[in-house]
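# Observations on the three-dimensional arrangement
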Amino acid sequence: MYPIIRNRRLRQNAAIRALVQETQLSVNDFLVPLFVVEGQGVKEEILSMPGQYRMSLDQLQQEIKELHALHLKGVLLFAKADQKFKDNAGTEAFNENGLMQRAIKTVKQVCPEMLVFTDVALDPYSIYGHDGIVAAGKVLNDPTVEALCKMSVSHARAGADFVAPSDMMDGRVIQIRQALDAAGYEDVGILSYAAKYASAHYGPFRDALDSAPVAGEEIPRDKKTYQMDPANRKEALKEALMDQEEGADILMVKPGLAYLDIVRDLKNEIVLPIAVYQVSGEYAMIKAAAEKGWVEYEPIVLEQLLSFKRAGADIIATYFAKEVASLL
Ligand code: PBG
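About the criteria used
Residues numbered from 1 in each chain as written. Predicted model: local features only at pLDDT ≥ 70, side-chain atom pairs only at ≥ 80, totals over all residues. Heavy atoms only, no water. Helix = DSSP H or I, 4+ residues; strand = E, 2+ residues; numbered from the N terminus. Rg over C-alpha atoms; globule rule 2.2 N^0.38 Å. Buried < 20%, exposed > 50% of the residue type's maximum accessible area, 1.4 Å probe, protein only. Contact = heavy atoms within 4.5 Å. Areas by Shrake-Rupley, 256 points an atom, 1.4 Å probe, with all protein chains shown as cover. Lys, Arg positive; Asp, Glu negative; His and termini not counted. Charge placed at Lys NZ, Arg CZ, Asp CG, Glu CD. Phe/Tyr/Trp six-rings, centres within 6.5 Å; stacked < 30°, edge-to-face > 60°. Lys NZ or Arg CZ within 6 Å of the ring centre and 35° of its normal. Near = heavy atom within 4 Å. Polar contact = N/O pair within 3.5 Å; in protein donor to acceptor, adjacent residues only side chain to side chain. Pairing = 2+ DSSP bridges. Axes fitted to C-alpha atoms, helices over the stretch in contact; angles between N-to-C directions. Nonpolar A, V, L, I, M, F, W, Y, C, P; charged D, E, K, R; others polar. Patch = residues over 30% accessible without salt bridge, like charges linked within 9 Å, V, L, I, M, F, W, Y side chains within 5 Å. Salt bridge = Lys/Arg side-chain N within 4 Å of Asp/Glu carboxyl O.

## Quick look at the overall build of the chain
Counting its secondary structure elements, the chain contains eleven helices and twelve strands. For a compact globule of 328 residues, the expected C-alpha radius of gyration is about 20 Å, and the chain comes in at 20 Å, within 12% of that figure. Seen through its principal axes, the chain has C-alpha atoms that stretch 70 × 45 × 40 Å. Buried residues in the chain amount to 52% of all 328 residues. Long-range pairs, those at least 24 residues apart, make up 74% of the contacts in the chain between residues at least 6 apart in sequence. Carbon and sulfur atoms form 52% of the exposed surface of the chain, whose accessible area is close to 15200 Å². In the chain, which carries 36 positive and 46 negative side-chain charges, the distance between the mean positions of the two groups comes to 6 Å.

This is how it looks when you write it as structure tokens:
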């Protein structure tokens, strides 16, 4: 008790603070989200995500070399499908020669050590911008899972190390696990977006991929029938326990900053590594405020990333990964 105990003793100088620091950031923590597009020599900046680009595969090669040189270990790939490839069944999602499949091969050709995580959900390929197949005003669960299984196997065949289902359909982890195993890909892992909320933080991402849900009769206007209600905490644990039992290798919480309580709950209750996704809207908010000079850019980025680790994240998917890797 005071005055015997003085907490400020351990904060007196940088050396002491470094010794007693409980949490550190490292390049080993990060997954780098990347957006790929068709074309040659394309590197277009995403308007609502300054410093992030849609890249054609030739540009992706250069990017992967740079990320590897910075000792980053893994990328999370998203493909922007041309409008002409979109339908209601997500057919293009499992085209063996589709953009995503070629992107995976490109990364592995340039840098076999770079871990490739692929987004598995139908939204970039859906004419309705939904993560699943739409019928009579609903997003169908089981037929969607069948498509996700084909999609996952095609990613594995192209060389993906992990598939990352972000769709929130029920039962997709076990089904994908069985499909991968049946195809001989028992070493390909599943990073499951176990607790993914119906969040207002995904706007810039949907700009990047042109994948926002479209308005129309008999089409759900939002993703609230499959993504989780931001009000719910116990439900995240239920989702996580089920995904763990279904054979997921890593569980993800998404978005990040507004959901640190969920990260901590999962860290305490689940034996798998826990990932968190600092999503596009979180990135955009920091960029915009820093651009206005209203917050200090570097310290705020590092503080938020550190807070993910303190909350319990083992892995952080973040658009700041490359920048921060060069700082660390
Ligand atoms: C697609 C998907 C989304 C994100 C990752 N995968 C968007 C959505 O669910 O609408 C969002 C990532 C971000 O905002 O950075 N299933």
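Picking up where we left off.
## Focus: the side chain of T23
With respect to the helices, strands and loops of the structure, T23 is situated in the loop between α1 (14-20) and β1 (30-36). Residue T23 is classed as buried on the basis of its relative accessible area of 16%. Contacts of T23, omitting those with residues within four sequence positions, involve L306, K309 and R310.

## Quick look at the packing of aromatic side chains
Using the criterion set out here, one finds eleven aromatic pairs in the structure. Measuring from ring centre to ring centre gives 5.7 Å for F35 and F78, while their planes differ by 35°; the resulting arrangement is tilted. One end of the pair, F35, is in strand β1; the other, F78, is in strand β4 (residues 74-79), and 43 residues separate them in sequence. Each member of the pair, F35 as well as F78, carries the same accessibility label: buried. One aromatic cluster is present, built from ring pairs that chain together F35, F78, Y193, F205, Y277, Y283, Y297, Y319 and F320. Note that K196 overlies the ring of Y193, its terminal NZ or CZ placed 5.4 Å from the centroid. Note that K196 overlies the ring of Y202, its terminal NZ or CZ placed 5.4 Å from the centroid.

## Quick look at the site of the ligand
Lining the immediate surroundings of the ligand are 18 residues, of which K196, K223, K254, S280 and Y319 lie closest. With respect to the ligand, the side chain of K196 contributes an N or O atom lying 2.6 Å from an oxygen atom. A distance of 2.7 Å separates an oxygen atom of the ligand from a polar atom in the side chain of K223. When the free accessible area of the ligand is taken as 410 Å², the share hidden by the protein chains comes to 100%.

## Comments concerning the pairing of strand β2 (residues 43-46)
Side-chain direction in a regular strand flips from residue to residue, so the side chains alternate between the two faces of the sheet. Pairing between β2 and strand β3 (residues 49-55): four bridges, direction antiparallel. By the bridge assignment, E44 is partnered in β3 with R54.

## Thoughts on the side chain of R172
Residue position: R172 is located in helix α5 (residues 172-182). Given a relative accessible area of 2%, R172 falls into the buried group. Here P165 takes part through its backbone oxygen, which lies 2.9 Å from a polar atom of the side chain of R172. Not counting residues within four places of it along the chain, the set of residues in contact with R172 comprises V145, L148, P165, S166, D167, S192, Y193, D243 and E246.

## Comments concerning helix α8 (residues 260-269)
The set of residues buried in α8 consists of L260, I262, V263, D265 and L266. On its buried face, α8 is in contact with β9 (189-196), α7 (234-245), β10 (250-254), β11 (274-278) and α10 (297-311).

## Remarks on the packing of α8 against α10
Packing of α8 against α10 brings their axes to within 8 Å, and their N-to-C directions diverge by 35°. Listed contacts from α10 to L260, V263, R264 and K267 of α8 are S307, F308, R310 and A311. In the contact of α8 with α10, the residues fall into four nonpolar, one polar and three charged.

## Details of a nonpolar patch on the surface
Taken together, the side chains of L10, L19 and V20 define a hydrophobic patch exposed on the protein surface, amounting to about 320 Å² of accessible area. On the accessibility criterion, L19 (75% relative accessible area) is exposed.

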